[in-house]
Amino acid sequence: MKLPFGKKFKVKLPFGKKKDSDDDDMDDDEDEEEEEEEEEEEKDEDDDDDDDDDDDDEDKGAKGGGISRLTSFGGGISRLASFGGGISRLTSFDGGKRRLILIGGGAAAALILIGGGVWFFLGGDEDASKTPSRAETGVPRVEITIPPRRRGGRLTPPKGKRAAKGSLNAIAAADKGPGAGVVIPAVTMVAFANIPEVKSETPLAKVPDLALVEQSPQGPLPKVGENGRKPWQVYARPFEARDARPRIAVIITGMGLSGAATEAAIKRLPGAVTLAFDPHAQGLDDWVFLARQAGHEVLLSLPMESAHFPAVDAGPYALKSSLNPEENLRQMEFVLSRMSGYVGVATAMGSKFTADEQALKPILEAVRNRGLMLIDSATTPHTKAARMATEIGLPRAVSNLVLDENPSKAAIDGKLAELEVIVREQATAVAIASPNPATLERIAVWVASLADKNLVLVPVTAVADKQFLE
């Protein structure tokens, strides 16, 4: 497009201002020269092709010096050479404005590059086959395989066993032979709820008596006092020796292993029932305190090697016939140091050890020298413990029977009736039992009937050396 040079014209700048051509500082002569030169150039260019008119105008504008190349009349911005490549030079803006535009263009280009990089690295389709497996990454995992539910919702009985019917006691009563019976699970106080608590009895003296304690690397051990006082007599429950009625002592073993069973035996059995604590149990001194507060004498079980070892294992501190006397004495001292305030020790298992006179003698002598009494559980007819104890002057008692080898109520009642027969024949009898719910319940009921039968329940110290030995 050709402009009418030599005449007044107005150009509208991007900033909204108007510029009048007559206000230029050029004088009139210079204007006329320029106009002549432009007219000559215009004539020279008329012969050119119509397609070159725009280029001729740009050349004439450049030579005229009036307006440098305008890429967009009145717009201020010509065109972008490439997307994000920058902004073309503007002739109508000063240097400061041009700098701001360039900075803006550079920032836009940088944002485009950053966005493209983010898309390249984080975007796109994910290939599941390229995802590392859990095994490749080393991340641990836990898998639980749940077997399908069996029809009828019943457990399959072990091989060689019949399906369970009725109570556990009923099942146990019918099973015979080695391994017969059932494994009794841990119990809660609910299992003993039908056994009423006994009335409070006179607490026994607090223990230990420091005059009867020997400090050792293993822990406190019982000893005979300087004046001849012995733990089995000092810690005993008082009993009227002039009572002529036949005496029955009942010992509940395995105390301390089950908190609920131990608490039930302490609170729901008469104080005349003796409690034997297992040396492997925890908190033994606390249990001893509670037991004596309720009037119970306490014993400590002394584990000994069984003839059926290793199938029947008495534990890591059991006395063994394969050990020399010094080793067995160290084992026993460790066991004796587990608690204080007991009147004696009760053999636990020991069907092999109590039949070995050579291994047994040093142990019985050590028990005597510490002022304790011995209860022989008589787990084998070949035991020599009671006879040897009598020979060396060790106070002793011997178990006549176990009340709950079969833990059914009917079987326990039968054993209690058998115990009555024994005590009427021998004037003294000792029974051992475990703290099963059925056992404690039947003992509690049976004890209440003894007065009418002219029998008396006594602590185990009351039958020391009073049983006849065969």
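This text goes with the structure placed above it.
Treat the numbers as computed from the prediction; the structure is a model and nothing was measured.

Novice: Help me understand the pairing of strand E9 (residues 373-376), please; the structure alone is not making it clear to me.
Specialist: Two faces belong to every sheet, and in a regular strand the side chains alternate between them. Of the two faces of E9, the one holding Met-373 and Ile-375 and the one holding Leu-374 and Asp-376 are both buried throughout. Here three bridges tie strand E8 (residues 344-349) to E9, and the two strands are oriented parallel to one another. Along E9, the bridge assignment pairs Ala-346 with Ile-375. Handedness of the crossover joining E8 and E9 through helix H10 (residues 357-369): right-handed. In this structure, E9 lies alongside strand E10 (residues 396-398), joined through three bridges in parallel fashion. What sits directly across from Leu-374, in E10, is Arg-396. Since E9 and E10 lie parallel, the crossover through helix H11 (residues 385-392) that links them has a hand, and here it is right-handed.

Novice: Explain the environment of His-296 to me, please; I cannot follow it from the model alone.
Specialist: Along the chain, His-296 turns up in the loop between helix H8 (284-293) and strand E7 (298-304). In the structure, His-296 is positioned 94 residues away from Thr-202 in sequence and 9.9 Å away in space, judged by C-alpha atoms. With residues near it in sequence (within four places) discarded, His-296 still touches Leu-204, Ala-265, Ile-266, Leu-269, Pro-270, Gly-271, Val-273, Leu-275 and Ala-291. Of the polar contacts made by the side chain of His-296, one reaches the backbone oxygen of Pro-270; its length is 3.4 Å. A polar contact of 2.8 Å, which involves the side chain of His-296, links it to the backbone oxygen of Val-273.

Novice: Looking at this structure, how should I read unusual backbone geometry?
Specialist: Glycine aside, a negative phi is what most residues show, and trans is what most peptide bonds show. Of note, the amide linkage connecting Val-207 to Pro-208 takes the cis form, showing an omega dihedral of 0°. The step from Phe-309 to Pro-310 runs through a cis peptide bond, and the omega angle for that step is 5°. Positionally, Pro-310 belongs in the loop between E7 and helix H9 (325-336). Notably, Ala-378 is not glycine yet its phi reads approximately 55°, a positive angle. As for its placement among the helices and strands, Ala-378 is situated in the loop between E9 and H11. Since its relative accessible area comes to 30%, Ala-378 is described here as partly exposed. The residue Asn-454 is not glycine, and still its phi comes out positive at about 60°. Its location among the elements puts Asn-454 in the loop between helix H13 (437-447) and strand E13 (456-457).

Novice: Is there a simple way to think about the pattern of salt bridges in this case?
Specialist: Close approach of charged atoms lets side chains of opposite charge pair. Under the counting rule described, the total for this entry stands at 17 salt bridges. Here Arg-242 makes a salt bridge to Glu-240, at a shortest N to O gap of 2.8 Å. What makes Arg-242 exposed here is its relative accessible area of 73%. For Glu-240, a relative accessible area of 41% translates into the label partly exposed. We note a salt bridge from Glu-263 to Lys-267, for which the minimum N-O separation is 2.9 Å. Note that Glu-263 and Lys-267 are positioned in helix H7 (residues 259-268) at a spacing of four residues, about one turn of the helix. Look at Glu-263 and you get partly exposed, because its relative accessible area is 28%. By sharing partners, the salt bridges in this structure join Lys-409, Asp-413, Glu-441 and Arg-442 into a single network.

Novice: Can you walk me through the side chain of Arg-442 in this structure?
Specialist: Along the chain, Arg-442 turns up in helix H13. Within the local environment of Arg-442, its side chain forms a polar contact with the side chain of Asp-413, the two groups lying 2.9 Å apart. Beyond its immediate stretch of four places on either side in the chain, Arg-442 contacts Lys-409, Ile-412, Asp-413 and Leu-416.

Novice: When you look at the side chain of Ser-301 in this model, what are you seeing that I'm missing?
Specialist: With respect to the helices and strands, Ser-301 occurs in strand E7. Of the residues examined, Ser-301 reaches a relative accessible area of 8% and is grouped as buried. What Ser-301 contacts, discounting residues up to four positions off in sequence, is Ala-276, Phe-277, Pro-279, Val-335, Ala-346 and Ala-348.

Novice: Help me understand the pairing of strand E6 (residues 274-277), please; the structure alone is not making it clear to me.
Specialist: Burial of E6 is two-sided: the residues Thr-274 and Ala-276 facing one way and the residues Leu-275 and Phe-277 facing the other way are all buried. Pairing of strand E5 (residues 247-255) with E6, which is carried by three bridges, proceeds in the parallel orientation. Note on E6: the bridge partner recorded for Ile-251 is Thr-274. In this fold, E5 hands off to H7, which returns the chain to E6; that crossover is right-handed. Pairing between E6 and E7: three bridges, direction parallel. For Phe-277, the partnering residue across the bridge sits in E7 and is Leu-300.

Novice: Just to check I follow, could you spell out the nonpolar core for this structure?
Specialist: The tendency in soluble globular proteins is for nonpolar side chains to be buried side by side. Among the nonpolar cores identified, the biggest contains 65 residues, and Ile-252, Leu-275 and Phe-277 are the most heavily contacted of them. In terms of residue count, the dominant contributor to this core is H10 (six residues). Setting aside anything within four residues of it in sequence, one finds Phe-277 in contact with Met-255, Gly-256, Thr-262, Leu-284, Trp-287, Val-288, Ala-291, Val-298, Leu-299, Leu-300, Ser-301 and Met-339. The next biggest cluster of nonpolar side chains, apart from the first, holds 20 residues, and it includes Ile-251, Val-430, Ile-432 and Ala-464.

Novice: Whenever I open this one, H8 confuses me. Can you help?
Specialist: Think of an α-helix as 3.6 residues a turn; residues three or four steps apart then line up on the same face. Turning to H8, its buried residues number three or more, namely Leu-284, Trp-287, Val-288, Ala-291 and Arg-292. One face of H8 carries all of its buried residues, which in axial projection span an arc of 130°. The secondary structure elements touched by the buried residues of H8 are H7, E6 and E7. Directly beyond the C-terminal end of H8, a positive phi value near 95° is found at Gly-295.

Criteria and thresholds
- Residues numbered from 1 in each chain as written.
- Predicted model: local features only at pLDDT ≥ 70, side-chain atom pairs only at ≥ 80, totals over all residues.
- Heavy atoms only, no water.
- Buried < 20%, exposed > 50% of the residue type's maximum accessible area, 1.4 Å probe, protein only.
- Helix = DSSP H or I, 4+ residues; strand = E, 2+ residues; numbered from the N terminus.
- Pairing = 2+ DSSP bridges.
- Right-handed = clockwise from strand over helix to strand, strands pointing away.
- Contact = heavy atoms within 4.5 Å.
- Polar contact = N/O pair within 3.5 Å; in protein donor to acceptor, adjacent residues only side chain to side chain.
- Salt bridge = Lys/Arg side-chain N within 4 Å of Asp/Glu carboxyl O.
- Core = buried A, V, L, I, M, F, W, Y, C linked by side-chain atoms within 4.5 Å.
- Arc of directions from axis to C-beta.

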